[in-house]
Amino acid sequence: MLKKAFLFGLIFLVIMGIIALFTTWDIFIAAAGIVAIGSIIGTGIFYGVLLSGDGVRGSYNTETKRDRDKRTGYGNMIIVFGLPSLVFTAVYVFVL
């Protein structure tokens, strides 16, 4: 599943690149940045990083191992989907 998520992330960048050829590159850069930041925030939500200590303990005590694995699996897929956009955005910001 992670390979598919990464492939979909690459396909998203290619489609946005094709759209940017006909319009402007600002759309491509903005879309890649939004996907990169959104994937980081989405992963944080699924991993429970944004919860307080009480919230983490409450979630841990009320969910099963299967539910926890499912939730973290979704977080993994989101970050892997956003990885190509994250790399492109980092190269654009820090190198170019």
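You'll find the structure just up there.
Values in this document were obtained by computation on a predicted structure and should not be read as measured data.

Reading the values: rules and limits
- Residues numbered from 1 in each chain as written.
- Predicted model: local features only at pLDDT ≥ 70, side-chain atom pairs only at ≥ 80, totals over all residues.
- Heavy atoms only, no water.
- Phe/Tyr/Trp six-rings, centres within 6.5 Å; stacked < 30°, edge-to-face > 60°.
- Helix = DSSP H or I, 4+ residues; strand = E, 2+ residues; numbered from the N terminus.
- Buried < 20%, exposed > 50% of the residue type's maximum accessible area, 1.4 Å probe, protein only.
- Expected span 1.5 Å × (residues − 1).
- Contact = heavy atoms within 4.5 Å.
- Salt bridge = Lys/Arg side-chain N within 4 Å of Asp/Glu carboxyl O.

1. Examining the packing of aromatic side chains
Summed over all chains, the structure comprises five aromatic pairs. Where Phe88 meets Tyr92, the ring centres are 6.4 Å apart and the plane angle is 20°; that geometry is what we call stacked. Placement of the pair is Phe88 and Tyr92 together in helix H4 (residues 65-94), with a separation of four residues, close to one helical turn. Here Phe88 falls in the partly exposed class, since its relative accessible area comes to 26%. For Tyr92, a relative accessible area of 35% translates into the label partly exposed. Through successive ring pairs, a cluster of aromatic residues spans Trp25, Phe28, Phe88 and Tyr92.

2. With respect to helix H2 (residues 25-47)
Look at H2: 33 Å from first C-alpha to last across 23 residues, which is about the 33 Å you get at 1.5 Å a residue. Packed against the buried residues of H2 are helix H1 (2-22) and H4. Two residues or fewer past H2, Gly48 is found with a positive phi of approximately 85°.

3. Some remarks on the pattern of salt bridges
Tallied over the full model, the rule gives four salt bridges. Between Glu63 and Arg68 there is a salt bridge; the shortest N-O distance is 3.8 Å. With a closest N to O distance of 2.7 Å, Arg71 and Glu63 form a salt bridge. With relative accessibility at 21%, the residue Arg71 sits in the partly exposed group. Connected via shared salt-bridge partners are Glu63, Arg68 and Arg71.

4. Structural notes on the side chain of Ser85
By the element assignment, Ser85 lies in helix H4. Under the relative-accessibility criterion, Ser85 is labelled buried at 1%. When sequence neighbours within four positions are dropped, the list of residues in contact with Ser85 reads Phe12, Leu13, Ala32, Val35 and Ala36.

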